[in-house]
Amino acid sequence: MTDPIEGDVSGEDAGTSFEVLIVGAGPAGTAAAITLARAGVNVAVIDKAKFPRDKTCGDGLTADALRILERLGLEPRSVATWQDADTCWIRSPSGNTTPFRMPRGRGLFMATAQRIDLDSALVDLAREAGASILDGHGLSTVTQNRHGVVAEVEGLGTVKANYVIGADGMWSPLRKALSGSNDSSTDADTGDKYLGEWHAFRQYFSNVSDAAATDLWIYFEADLVPGYFWSFPLPDGRANVGFGIQRTSETRTKDMKVLWKDLLDRPHIRELLGPDAIPEDTHRAWPIPARVERMVPSDGRALFVGDALGACDVMSGEGIAQALATGIAAAQAILDHSTPTEVANAYDKAATHELLADHRMSSLLVSGLSSERGANMAIAIASYNDWTRRNFARWLFEDYPRALIATPRRWKRGAVSKPGAYRDR
Ligand SMILES: Cc1cc2nc3c(=O)[nH]c(=O)nc-3n(C[C@H](O)[C@H](O)[C@H](O)COP(=O)(O)OP(=O)(O)OC[C@H]3O[C@@H](n4cnc5c(N)ncnc54)[C@H](O)[C@@H]3O)c2cc1C
């Protein structure tokens, strides 16, 4: 870690100074803040939103996410809408529905929690760890020079830091402000505006059937593959219901609105949600960036994490585990190294090391699931017997073993039979 910045970073008004400034208080930003603050670093997190704030999401937590949340010290009981789950039902395009059950008595492998509550609990943890949480303050602009980073922040004025972590989501205003040639808002191949690899809709429902209030349901609909419809359970008879599709230049959000209505009218979906299900508010849609192989992890003293790094899984669209992991990796690089070049190199290596193999394996799987026939076949193979069902479930909910076959460096005893999280509860 370099010395705390001196007052002359900009050569003008001293402003407020921190060793590390984090932009964005989602899972990526708070994981970084908790790690840094616990190591005694003077760290601030700004977010343009006031917490608690909602985030359009499926609210599903994979085994990887759960293990990291446990390591960070998050207590499930501090999250009002937390719900443990142990069974995920998968429906093939041909209509076969198979239960995939997680190992029993070995900890938690999947759970759900509304993001408005989960993210607030993480913000509280970061505050308790000693981070300054400055919510309701958005980043306007930022520059960097050889002494550090100088940010202009709404309502705060000039904020200076040694390092800045961009945990500011899919559109990353930080990346945009610094970008130049690294700008990710335009697709380099087509020149089109970049809108994410996936686009997903979400709506909460109350009064859902017992089945929807207890288990996770994933339906591979013939007209959505490799995308899918989901219903994930929440406490008090509620569910997070939505669908995601791969984004192409022809995808129009208007068509997705029509598709959403059509999906909710399909007999098997109506049956799953039950006759008394009540939609809450309106649906919300948001893009999902899953292009870590094309993103630059750092730019000088700026490190990008989570959605700002395009770190979501390209097969499932999940990104909370990746956000937490990259947030911690960025913090660790800052803690372990003393010059900006060393920090950037260490973080670039850590980010690509962990994410690229999984990304490549998921990309392969996406091509297998992209046709109705392929999806039927994949689910039939996974449903073949108890062993395939058990292992497919783990494999689906853990990024880590998904690419295990392609990464010999991870072939260690116990790599495929790691316990779940929160075993002591
Ligand atoms: C519909 C949908 C369903 C999904 N379902 C799942 C799921 O079930 N499981 C899963 O693991 N993942 C899921 N994901 C992906 C997951 O939501 C993201 O990968 C995850 O939220 C990324 O976390 P993050 O911390 O990188 O970014 P975010 O959670 O997006 O946080 C970014 C923060 O930056 C702040 N910010 C933005 N601009 C500024 C600015 N100028 N100044 C200051 N702050 C700023 C925002 O207010 C926000 O709080 C889903 C995504 C979508 C769209």
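Residues numbered from 1 in each chain as written. Predicted model: local features only at pLDDT ≥ 70, side-chain atom pairs only at ≥ 80, totals over all residues. Heavy atoms only, no water.

### A few points about the site of the ligand
Logical step 1: Within the structure, the ligand sits among 35 residues, and D47, G58, G60, L139 and D307 are positioned closest to it.
Logical step 2: Between the ligand and P27, the relevant distance is 3.2 Å, taken from an oxygen atom to a main-chain nitrogen or oxygen of the residue.
Logical step 3: At 2.8 Å, a backbone N or O of L139 approaches a nitrogen atom of the ligand.
Logical step 4: When the ligand is considered free in solution it has 1,000 Å² of accessible area, and contact with the protein chains removes 93% of it.
Logical step 5: Put simply, the parts of the chain that give the shell around the ligand at least two residues each are α1 (27–38), β14 (228–234), β17 (284–288) and α8 (320–336).
Logical step 6: For the shell around the ligand, the element with the most residues is β17, which contributes three residues. (Near = heavy atom within 4 Å. Polar contact = N/O pair within 3.5 Å; in protein donor to acceptor, adjacent residues only side chain to side chain. Areas by Shrake-Rupley, 256 points an atom, 1.4 Å probe, with all protein chains shown as cover. Helix = DSSP H or I, 4+ residues; strand = E, 2+ residues; numbered from the N terminus.)

### What about the environment of D64?
Logical step 1: Among the structural elements, D64 can be located in helix α2 (residues 63–72).
Logical step 2: The spacing of D64 and G420 is 356 residues in sequence and 8.4 Å in space, taken between C-alpha atoms.

### Overview of the pairing of strand β6 (residues 97–101)
On a regular strand, one side chain projects to one face of the sheet and the next to the other, so that they alternate.
Logical step 1: Here β6 shows one buried face, formed by T98 and F100, and one open face, formed by T97, P99 and R101.
Logical step 2: As judged from the five bridges shared by strand β5 (residues 87–91) and β6, these two strands associate in the antiparallel manner. Considered in β6, the bridge of W89 is made with P99.
Logical step 3: Hairpin connection, β5 to β6: the antiparallel pair is bridged by five residues, and G95 has positive phi, about 100°. (Buried < 20%, exposed > 50% of the residue type's maximum accessible area, 1.4 Å probe, protein only. Pairing = 2+ DSSP bridges.)

### Quick look at the state of the cysteines
Every disulfide links exactly two cysteines, by a covalent bond between their sulfur atoms.
Logical step 1: Throughout the structure, instances matching the rule amount to zero disulfides.
Logical step 2: C57 takes part in no disulfide bond, and the closest cysteine sulfur, belonging to C312, lies 8.7 Å away. (Disulfide = S-S within 2.5 Å.)

### Concerning the pairing of strand β13 (residues 216–219)
Logical step 1: On β13, burial covers both faces: L216 and I218 on one face and W217 and Y219 on the other are all buried.
Logical step 2: The pairing of β5 with β13 spans four bridges and is parallel. Residue pairing across strands places R91 opposite Y219, the latter belonging to β13.
Logical step 3: Relative to β14, β13 is paired through three bridges, and the arrangement is antiparallel. Bridge pairing links I218 to W230 in β14.

### Here we look at the confidence of the model for the chain
Low pLDDT means the predicted coordinates in that region are not meant to be read closely.
Logical step 1: Across the chain, pLDDT averages 87, with 85% of residues at or above 70.
Logical step 2: Under a pLDDT of 50 for its full length, residues 4–13 has, in the predicted model, 22 contacts with residues more than four places off or in other chains. (pLDDT = per-residue confidence, 0-100. Contact = heavy atoms within 4.5 Å.)

### What to know about the pattern of salt bridges
Logical step 1: Enumeration over the complete set of coordinates arrives at 16 salt bridges.
Logical step 2: R91 serves as the salt-bridge partner of E221, at 3.8 Å between the closest nitrogen and oxygen. Here E221 is found in the loop between β13 and β14, whereas its partner R91 is found in strand β5, with 130 residues between them in sequence.
Logical step 3: In this structure, R270 and D265 form a salt bridge, with 3.5 Å as the shortest nitrogen-oxygen distance. (Salt bridge = Lys/Arg side-chain N within 4 Å of Asp/Glu carboxyl O.)

### Some details on the packing of aromatic side chains
Logical step 1: Overall, the coordinates contain 11 aromatic pairs when judged by the stated rule.
Logical step 2: Between W82 and Y422 the ring centres are 5.9 Å apart and the planes differ by 85°, which places this aromatic pair in the edge-to-face class. Residue W82 is located in the loop between α2 and β4 (83–85), and its partner Y422 is located in the segment after α12 (399–402); the two are separated by 340 residues in the primary sequence. Each member of the pair W82 and Y422 is classed as buried.
Logical step 3: Taken together through their ring pairs, the aromatic side chains of W198, F220, Y228, W230 and F232 make up a single cluster.
Logical step 4: The lysine or arginine in question, R238, covers the ring of Y204, its NZ or CZ lying 5.3 Å from the ring centre.
Logical step 5: The ring of Y194 has R291 sitting right over it, with the charged end atom 3.6 Å from the ring centre. (Phe/Tyr/Trp six-rings, centres within 6.5 Å; stacked < 30°, edge-to-face > 60°. Lys NZ or Arg CZ within 6 Å of the ring centre and 35° of its normal.)

### What about the nonpolar core?
Logical step 1: By size, the foremost hydrophobic cluster in this structure holds 60 residues, and its most contacted members are I22, L74 and W82.
Logical step 2: Looking at this core, the elements with two or more residues in it are β1 (16–23), α1, β2 (43–47), α2, α3 (115–129), β11 (157–166), α8 and α9 (340–369).
Logical step 3: Here this core gets nine residues from one element, more than from any other, and that element is α8.
Logical step 4: Counting residues in hydrophobic clusters, the runner-up holds 26 residues, among them A63, W230, C312 and V314. (Core = buried A, V, L, I, M, F, W, Y, C linked by side-chain atoms within 4.5 Å.)

### Digging into α2
Logical step 1: Burial of α2 is extensive: eight of the 10 residues sit out of reach of the surface.
Logical step 2: Every buried residue of α2 is listed here: A63, D64, A65, L66, R67, I68, L69 and L72.
Logical step 3: Remark: G73 follows α2 within two positions and exhibits a positive phi of approximately 95°.

### Details of the sheet that holds strand β3 (residues 60–61)
Logical step 1: Strand order in the open sheet made by the three strands is β3-β7-β4, with antiparallel pairing throughout. Looking at strand neighbours, the two that pair on one side only are β3 and β4, the edges of this open sheet.
Logical step 2: Bridge analysis of β4 against strand β7 (residues 110–112) gives three bridges, and the strand direction is antiparallel. Within the sheet, the bridge partner assigned to D84 lies in β7 and is A111.

### A look at the environment of T112
Logical step 1: Inspection of the secondary structure assignment puts T112 in strand β7.
Logical step 2: Sequence-wise, T112 and T81 are 31 residues apart; in three dimensions their C-alpha atoms are separated by 7.8 Å.
Logical step 3: If sequence neighbours within four positions are ignored, T112 has contacts with D59, G60, T81, W82, Q83, F232, P233 and L234.
Logical step 4: At a separation of 2.5 Å, a polar atom in the side chain of T112 contacts the main-chain carbonyl oxygen of P233.

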